[in-house]
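If you want the building blocks of each chain, they are given just below.
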Amino acid sequence: MIGAGHAGLAASHFLGDRSIDHVVLERGEVANSWRRERWDSLRLLTPNWQCRVPGLRYEGPDPDGYLTMGEVTEFIERFAKVSGAPVQTGANVTSVRRTDDGYHVTTSRGEIRCRTVVIASGACNKPAVPRFRDGLPESVEQLTPFGYRDPAQLPDGGVLIVGASATGVQLAAELQRSGRPVTLSVGEHVRLPRTYRGRDVLWWMDSSGVWDQRLDEIDDLTRARRLPSPQLVGTPERTTLDLNALTAMGVELVGRWAAVRDGRALFSGGLRNVFSLADLKMERLLDTFDEWARTHGHDAEVGPPERFPPTRVPVSTRLQLDLGSGDIRAIVWATGFRPDYAWLDVPVVDAKGHLRHEGGVVGSPGLYALGLPVLRRRRSTFMCGIEDDAREVIDHLARHLAVRRRP
Ligand SMILES: Cc1cc2nc3c(=O)[nH]c(=O)nc-3n(C[C@H](O)[C@H](O)[C@H](O)COP(=O)(O)OP(=O)(O)OC[C@H]3O[C@@H](n4cnc5c(N)ncnc54)[C@H](O)[C@@H]3O)c2cc1C
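Our subject in this report is the structure included herewith. Note that the structure is predicted; figures quoted are calculated from it, not measured.

Conventions used here
Along each chain, residue indices are assigned from 1 in the same order as the chain's sequence is written. Totals for whole chains, interfaces and linings use all residues, but because this is a predicted model, local features are given only for residues with pLDDT of at least 70 and pairs of side-chain atoms are given and counted only at 80 or more. Side-chain measures were taken over the full set of non-hydrogen atoms in the model, leaving aside hydrogen atoms and water. Secondary structure counts use DSSP, requiring at least four H or I residues in a row for a helix and at least two E residues in a row for a strand, with both numbered from the N terminus. Expected helix span is taken as 1.5 Å per residue step, with the number of steps being one fewer than the number of residues. Using a 1.4 Å probe on the protein chains alone, a residue whose accessible area is under 20% of its type maximum counts as buried, one over 50% counts as exposed, and one in between counts as partly exposed. Taking the helix axis as origin, the arc is that swept by the directions to the C-beta atoms. What makes two residues a contact is simply this: any of their non-hydrogen atoms within 4.5 Å. Nearness is judged by heavy atoms alone; a residue qualifies as near a molecule or strand once a single heavy atom is within 4 Å of it. Think of a polar contact as two N or O atoms within 3.5 Å of one another; within protein, one of them needs to be a possible hydrogen donor and the other a possible acceptor, and neighboring residues in sequence only count if both atoms come from side chains. Here the accessible surface of atoms and residues is derived via Shrake-Rupley with a 1.4 Å probe, and residues count as covered only by protein chains that are part of the display. Note that Gly is not counted as nonpolar here; it falls among the polar residues with everything else outside the nonpolar set of Ala, Val, Leu, Ile, Met, Phe, Trp, Tyr, Cys and Pro and the charged set of Asp, Glu, Lys and Arg. Two strands pair under a simple rule: DSSP has to find at least two bridges between them.

Compared with an ideal rise of 1.5 Å per residue, which puts 15 residues at 21 Å, helix α3 (residues 69-83) spans 21 Å between its outermost C-alpha atoms and is within 8% of the ideal. All of the buried residues along α3 are M69, V72, T73, F75, I76, F79 and A80. Down the axis of α3, the buried side of the element spans an arc of 160°, and every buried residue falls inside it. What points out from α3, more than 90 degrees from its buried face, is the exposed set E74, K81 and V82. Buried residues along α3 sit against α1 (6-17), α2 (32-36), β2 (52-53) and β3 (56-57). Phi turns positive, to about 60°, at G84, one or two residues after α3.

Right, let's get into the site of the ligand. Taken together, 29 residues lie near the ligand, and E26, S33, L45, T46 and M383 sit nearest. Within the backbone of T381, one N or O atom sits 3.3 Å away from an oxygen atom of the ligand. Separating an oxygen atom of the ligand from a backbone N or O atom of M383 is a distance of 2.8 Å. In the complex, 94% of the free accessible area of the ligand, which totals 970 Å², lies under the protein chains. Elements supplying a minimum of two residues to the shell around the ligand: α1 and α2. Broken down by class, the residue content of the shell around the ligand amounts to 15 nonpolar, 11 polar and 3 charged.

A separate point is the pairing of strand β11 (residues 158-162). The element β11 is extensively covered by neighbouring structure, given that 5 of its 5 residues are classed as buried. Because side chains alternate across β11, one face comprises the buried residues G158, L160 and V162, and the other comprises V159 and I161, equally buried. In this structure, β11 lies alongside strand β19 (residues 328-333), joined through 5 bridges in parallel fashion. Looking at β19, one finds that V159 is bridged to A330. Bridge analysis of β11 against strand β12 (residues 182-185) gives 4 bridges, and the strand direction is parallel. Bridge assignment links L160 to a residue of β12, and that residue is T183.

Structural measurements only, silent on function.
Structure (structure tokens):
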């Protein structure tokens, strides 16, 4: 097992159930990503009642709240203890090679030979940043969410945040509140209200079965796997953090950052279309929820159907920004994350750096993956999605071992 996040620990739980001898190799500590790669104010965007992994669920006093990073780390540490996972910390995997009867794994703590490998090293190992970042004026500080901790780190003055998914909208709000004028570059995004008809929007995703859609029920799987994270934030007040909320705070919206010319950032026009598409998709999803509530007899338990004002299009939108003018002192790249398989010496990674797999079964016998977006169902990447995925992937792994053992 590579990785002691919740995915690796869940796989370990099911391997333990079947008495399959294994080790969980972790380059840092248990829950390393949550300890080292997130900013200070971040809370989960999934409510506490959705914090559930095999054999452990949130049982604290605030089921509708959202865990802080310290609390998530504690939760995953507890999971490791409760499940008795055989974790080896400080073991960085630097190579995985195929052998006649399995794999040869090289780590910073030694070599291991094994019949199977489960890759649970995470989907968000590196920030994905456009190449043109290299051609920007040196006077502008550049950060990614991995390096960002709190607003005090940034120089005073304007900030350009690139990307309006969960990370981008959360950092835009935090930096604008810190007194820095924020410009937010917006491309394709997923708009969601925090609550709908009085319930958390993720309650609707969960209860209506939308999150349980399996691979074979999803029309365009490649697209589903690349979908940006929804514009959601976990706050005690359960506030909605969409583009209208940011505009009301004074954040300036511009189009997708398309290119750099002569030290100027060039933004796409057509914000109106981008907004309409996100609004339309949100409406369709709310229609699905309404239909589910009506046909499954839940109308009486929840509030009346709601519809939200369309995303307001700015009266005039800036199409370029002179990065040398001093107006922008820092750029935060909230342009997504990608996995890192530099250590994987098996030809199973595609040209875009993604693992080729079918429901976590990688195209090399005995090699498996967990914790990737829409691995087996829509909820796969979230903590509440790991139990079913891990059980099914470990079932496959056990069958693989059983077949190999037969004479
Ligand atoms: C900003 C952000 C917010 C998120 N918010 C939520 C949320 O609200 N709710 C939710 O359910 N999910 C959320 N997620 C998604 C998801 O839960 C996380 O990505 C989660 O960390 C995935 O779990 P994992 O176990 O697959 O990977 P990780 O938690 O990333 O664990 C992978 C582990 O593998 C280790 N590792 C990596 N490479 C190696 C190597 N070569 N050798 C040894 N060890 C290695 C890492 O150190 C790490 O500990 C969020 C993700 C991000 C990035």
